[in-house]
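Residue-level structural notes
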Amino acid sequence: PRRRPLRAAHVGLREARPLSVLARVAFRQFREAVRSASSLCKQNPSHSQLDKSASSTAPKHAVEAKMSYHFVTGDFTPQKVFLPDKEYGLALDALVKGCADVLLTRGEGASLRILLGKRKVEPQPDWWFVGGRTRPGDTPAEGAARNVKRELGLAIETRRFVHVNTYSFVWNYRQQAPTTNGTADASTVFELPLTQAEADGLGPSKFDEKEYADAAWVGPLDILEGDYHPALQQAVRDLLAQRAYRDLRNVSGGPPAAVARCARRFVAWKEAAPLRACKVRFVDGSYQFVGTDGAR
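Small disclaimer: the values here were computed from a predicted structure and weren't measured.

Next up on the list: the packing of aromatic side chains. Across all of its chains, the model carries ten aromatic pairs by this definition. Aromatic pair tyrosine 69 and phenylalanine 71: ring centres 6.4 Å apart, planes at 15 degrees, arrangement stacked. According to the relative accessible area criterion, phenylalanine 71 is exposed, its value standing at 71%. When the ring of tryptophan 128 is compared with that of tryptophan 171, the centres are 5.4 Å apart and the planes differ by 80 degrees; the resulting orientation is edge-to-face. Here the residue tryptophan 128 occupies a position in strand E3 (residues 127-128), and tryptophan 171 occupies one in strand E5 (residues 162-171), the gap between them amounting to 43 residues.

Below, the structure written as structure tokens:
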């Protein structure tokens, strides 16, 4: 679904631009990093670009999954506890929830599409990731896999979830009483590249009608140019930067023009979002920016 333009939030990558000084420096740094990585791969075949033990049905870059870090100290045993609404509301007042959210993708390049669900419940009654909270003891990828299974019925191995970034969300409203107390989340966002067979049939009918009003496959530039939540837009920029880095790594040792083109694309996406924090209001189905870096 196309939304009306909010602001130019992306860098026009189709324009032929000379390499800036910053891009040249970045390119030299990435070239050395890629060469080092290539050398390590030659020394240790288990770190090669395509793990031969990976399933042939998984998209190629899914087996190169960049995982989030997870550390366990001692013998942790998760406790299965159900909180009644009142106690859960108090927990939301006192704690930040850990969430694992997912950008499910299909296609490459101009055909890249991202599956979004249009929620109709708080705290985000609009287009959003697939996902939700995690459980104590989960790795972030395990939480993401559980949420995808719950939301869409897809059983996906955790190694296929590619870590995009981690974000902080603070919401004015929540579903639990008192609704105006709001809630806060720390969300680890992943990309889950799907095969064509997995992507086929994923649409509104796969989503819980109690929580979602709609769902659609949306192009990344449509998200960046449309009236979508800035956190969702930031995750898409980070996703595109990550894919650009993957392309840069894959052309290491190739024609200089191809390497330079990939380096420009990577630097452009990394520089595309100068804001580290912002504040918006969701009014009448539209986002209104009311503050930037560090705004409360």
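Following the structure, the description resumes.
Inspection of the entire model under this criterion finds eleven salt bridges. In this structure, the salt-bridge partner of arginine 159 is glutamate 157, at a minimum N-O distance of 2.9 Å. Through salt bridges with shared partners, a single ionic network connects Glu108, Glu191, Arg243, Arg246 and Asp247.

Attention now goes to the confidence of the model for the protein. Mean pLDDT over the protein works out to 82, with 75% of the residues at or above the 70 mark. For residues 4-27, every residue scores under 50 in pLDDT, and the model assigns this stretch 40 contacts once sequence neighbours within four places are set aside. Throughout residues 33-57 the model reports pLDDT below 50, and contacts reaching past four residues in sequence, or to other chains, amount to 16 contacts.

Attention shifts here to the nonpolar core. Ranked by size, the top nonpolar core spans 29 residues in total, and within it Leu103, Leu116, Phe129, Ile223 and Leu232 carry the most contacts. Among the elements of the structure, strand E2 (113-119), E3, E5, strand E7 (212-218), helix H5 (220-225), helix H6 (230-250) and helix H7 (256-270) are those that each provide at least two residues to this core. The leading source of residues in this core is H6, at eight residues. Phe161, Leu192, Leu194 and Leu202 belong to the second largest nonpolar core, which has 22 residues in total.

Our next topic: H6. With 21 residues, H6 should cover 30 Å at 1.5 Å per step; its first-to-last C-alpha distance of 30 Å lies within 8% of that length. Along H6, 17 of the 21 residues are buried, which leaves the element largely enclosed by surrounding structure.

Another point: the environment of histidine 70. With respect to the secondary-structure elements, histidine 70 resides in the loop between helix H1 (21-43) and helix H2 (85-94). C-alpha of histidine 70 to C-alpha of glycine 137: the two residues are 67 residues apart in sequence and 9.6 Å apart in space. In this structure histidine 70 touches Gly137, Asp138, Thr139 and Pro140, once residues within four positions along its chain are discounted.

Another aspect to go through is the pairing of strand E8 (residues 279-283). Sheet analysis places E8 next to strand E9 (residues 286-291), joined by five bridges and oriented antiparallel. Following the sheet pairing, arginine 281 is matched in E9 by glutamine 288. The hairpin formed by E8 and E9 contains two residues between the paired strands, and aspartate 284 there has a positive phi angle of roughly 50 degrees.

So, how was this worked out
- Residues numbered from 1 in each chain as written.
- Predicted model: local features only at pLDDT ≥ 70, side-chain atom pairs only at ≥ 80, totals over all residues.
- Heavy atoms only, no water.
- Phe/Tyr/Trp six-rings, centres within 6.5 Å; stacked < 30°, edge-to-face > 60°.
- Buried < 20%, exposed > 50% of the residue type's maximum accessible area, 1.4 Å probe, protein only.
- Helix = DSSP H or I, 4+ residues; strand = E, 2+ residues; numbered from the N terminus.
- Salt bridge = Lys/Arg side-chain N within 4 Å of Asp/Glu carboxyl O.
- pLDDT = per-residue confidence, 0-100.
- Contact = heavy atoms within 4.5 Å.
- Core = buried A, V, L, I, M, F, W, Y, C linked by side-chain atoms within 4.5 Å.
- Expected span 1.5 Å × (residues − 1).
- Pairing = 2+ DSSP bridges.

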